[in-house]
Amino acid sequence: MGAAAVFAGGGVGGGGCGGGAVVGVNGEFQAGVGDKQSDTSNGFTVGDKHRRRRRRLMARRFNIAALKAISQEPVTGGAEWLIAAEDSVAFLKESAQSEEIVIYASGPATYVHAVLAPRKQVTPADYEDLMHSVVQIDDSWVIQKSYGGGEGHRVYLEAPLSFGKSLSGGEKLVFRRSFDGVQRGEISIELSQKIVHALSLHFVPERNAYCRLDECGDIEDVIRVIRNKLGPGRESLIVVTILAKDLSTYMTLADMSLVYFFDFTRLKFGEFDGWGDHPRIDRKAPDLFYQGGSIGNASYVYGRMIVRSTIPLQQLIDEWKEESNPTRRKEYAAFKIFDRKNSVEVETMCAPEFLSNYFQESNLPWEISPAFFRPDVMHRFKADPEKYSLNDRSISCRNAWYLKSYDINEAGQMHAYIGDLAHLPIEEQRYWQSFNEWPKGTISTRAYENDILGEFSSEYDPLHLLKYKIEKLNASPPDWWQPRGEAHMDAARYPATDSTLEWANEIMAFDQLLVEGFLLKPLRKLLEARGRKAEANWASLRLIAEILVASGKTVDDAKANLMPLSRLHALRSILKAHSSIEEKDKEERQARATHGTLRAHFKDLAGQCDKSFDTILLALGAGDLNP
């Protein structure tokens, strides 16, 4: 006999804990996450923590250890555990106040399955109707075909909850489906696309969760599918959870309440002979009712629990109005800046009321006054290209925030305008604030020409020019060119700091962008077409040098033209491969001795590579690709 066959309430495996609900003394439940609670004769009331979105992750996790404890017999005290299935109800009630609520759980001794029912149809809850209703986890939408009853042949679409006084017109949230004879491995768990789309969620396979981006651009798990092994050769716990705030919002807008079907059955296979005639219990409260019983070595409870949203529709409207209110109070950080209007260094808040623009008569600093930062501020953005988009003059964090303008001055300081910093979330402002320092020079020439004069920059930017020409090659690639992807284009940047590690990383990214773009076999064919034979061990740069000679260059001129790219490629090998510490230190010392900083060395090398690239393009027949 399988586990599903002996569940007294008809469930099939599973266990769970409610979350985000408030349990009243009379068995009433309300969903929502609260700042405060007041004990009243009708139970607890709950406020809303909507403005505390940056909560610690572990604070809202449901208690997987407690769920395991009610799902499997303990090592000691097994006899007491077997006859105490009703304890699982207490667990369900206590867990109902979590910020992450379980909507499905399945395991050896537990089963929890929550669906949505129209609020009016379960207010008050109909004990008889709900206790006689059964919803299976694999119930789904079907094309129904029927005949008889004087209506002839009919074909129609039938919803999974199309029966009963309480559940008709409700919504299933979790579906378990299998593709018999084809699908292998674990049975798939699917979520209602209606709630997934309404909450703007996207499934991220590596997290096994339906996610969104929070206000800081981080991925937030809203609905999680958790599979937890209970031990070798034992069943797994399968749990689906959702953040209570999001579920409550959906319930309010859909005018629904959450109905739990639960079954906790504890027994030992091989020692269970059936329930027989045994003492029974029948508990009834307005929103929690269940039946159960026990014998000497087994027990069970099964029942229903209603969870109601405490978030009124008007609250959602008010929150939206507050979010879209341009005069709403927002936190701002203070920055050390150069006040361009008054030509003084000051420290000021970046809030709008502390700033002015060209069109206002005021002694307040202009919004386009620069704040200066240690270059280390850039490490965060370079280290996570998946999260941050780093352009030549701007930075964006997914869909969370956008810094319109930044640059690096001759003193090696990052700078950004205080008016742009004001648009960042307060957490991001504080991050920049931690690197803020007084200016050691003016803003960059490029920033002055672009932002203050409104002109194109006259400054030579070799890396920018190289990327421009590579983009033109990518658009119509010759046979000898492997188009460079967006990742290569984004990765190649000037070092922001004087860090050896950053310098080495940027050298490698630059080499991957430029040298690795040349394709060996087409270059070999091109050289042979010009009447010269290629040696089998020649790499792409040697082939290009020979093509230059075949085009009329002397051997020395060809070597000189290829020297910058050869130097770049060799430097990458020294800095990022298995070279000795002494070799790496030697290259670093030489770069600093010659150029002062590693950033200056990189820029000089990029300039040499740019001129070399022009010569190569002409020799290979690509023409002059400069703007």
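Heads up: the structure comes first, above all this text.
Residues numbered from 1 in each chain as written. Predicted model: local features only at pLDDT ≥ 70, side-chain atom pairs only at ≥ 80, totals over all residues. Heavy atoms only, no water.

Considering the sheet that holds strand β23 (residues 388-390)
Taken in spatial order, the three strands line up as β23-β24-β25 in an open sheet, and their pairing is antiparallel. The sheet is open, and its two borders are formed by β23 and β25 (401-403), each paired with just one other strand. Taken pair by pair, the neighbouring strands of this sheet meet at an average axis angle of 10 degrees, ignoring direction. Across three bridges, strand β24 (residues 395-397) lies against β25 in antiparallel orientation. Looking across to β25, one finds that Ile395 is bridged to Leu403. (Pairing = 2+ DSSP bridges. Helix = DSSP H or I, 4+ residues; strand = E, 2+ residues; numbered from the N terminus. Axes fitted to C-alpha atoms, helices over the stretch in contact; angles between N-to-C directions.)

A word on the packing of helix α14 (residues 500-514) against helix α19 (residues 598-619)
The relative placement of two packed helices is expressed as an angle between their axes plus a distance between the axes. Look at α14 against α19: their axes get within 10 Å of each other, and the N-to-C directions meet at 10 degrees. Classed by the angle they form, the pair α14 and α19 counts as roughly parallel. Every residue of α19 that contacts α14 at Thr500, Trp503, Glu506, Ile507, Phe510 and Leu514 is listed here: Leu598, His601, Phe602, Leu605, Ala606, Cys609 and Phe613. Class assignment for the residues of the contact of α14 with α19 results in ten nonpolar, two polar and one charged. (Parallel < 35°, antiparallel > 145°, perpendicular 65-115°, else oblique. Contact = heavy atoms within 4.5 Å. Nonpolar A, V, L, I, M, F, W, Y, C, P; charged D, E, K, R; others polar.)

Some details on the pairing of strand β15 (residues 236-243)
Judged by how many residues are buried, β15 sits mostly within the fold: seven of eight residues are covered. Sheet topology places strand β5 (residues 100-106) next to β15; six bridges connect them, and they run antiparallel. In the strand pairing of β15, Ala105 is matched with Val239. (Buried < 20%, exposed > 50% of the residue type's maximum accessible area, 1.4 Å probe, protein only.)

Some remarks on the state of the cysteines
This structure, assessed with the given rule, holds zero disulfides. Between Cys397, a free cysteine, and Cys216, which holds the nearest cysteine sulfur, the sulfur-to-sulfur gap is 7.6 Å. The class for Cys397 is buried, based on a relative accessible area of 0%. (Disulfide = S-S within 2.5 Å.)

What to know about the pattern of salt bridges
Counting across every chain of the model gives 34 salt bridges. Here Arg393 and Asp451 are joined by a salt bridge, their closest N and O atoms 2.7 Å apart. On the criterion of sequence distance, the pair formed by Arg393 in the loop between β23 and β24 and Asp451 in helix α11 (residues 445-452) is long-range, its members being 58 residues apart. Taking the relative accessible area as the measure of exposure, Asp451 reaches 26% and is therefore partly exposed. Salt-bridge contacts for Arg567 lead to Glu587; the nearest nitrogen and oxygen are separated by 2.3 Å. Placement of Arg567 in helix α17 (residues 555-576) and of Glu587 in helix α18 (residues 581-595) is noted, with a sequence separation of 20 residues between them. A relative accessible area of 27% places Arg567 in the partly exposed class. (Salt bridge = Lys/Arg side-chain N within 4 Å of Asp/Glu carboxyl O.)

Considering the packing of aromatic side chains
The full count for this structure, using the stated rule, is 24 aromatic pairs. Geometrically, the ring pair formed by Tyr494 and Phe602 is edge-to-face, given 5.8 Å between the ring centres and 80 degrees between the ring planes. Residue Tyr494 is found in the loop between α13 (486-491) and α14, and its partner Phe602 is found in helix α19; the two are separated by 108 residues along the sequence. Plain terms: the ring middles of Phe510 and Phe602 are 5.4 Å apart, the flat faces sit at 45 degrees to each other, and that makes the pair tilted. (Phe/Tyr/Trp six-rings, centres within 6.5 Å; stacked < 30°, edge-to-face > 60°.)

Without other data, these values stay purely geometric and don't point to any function.
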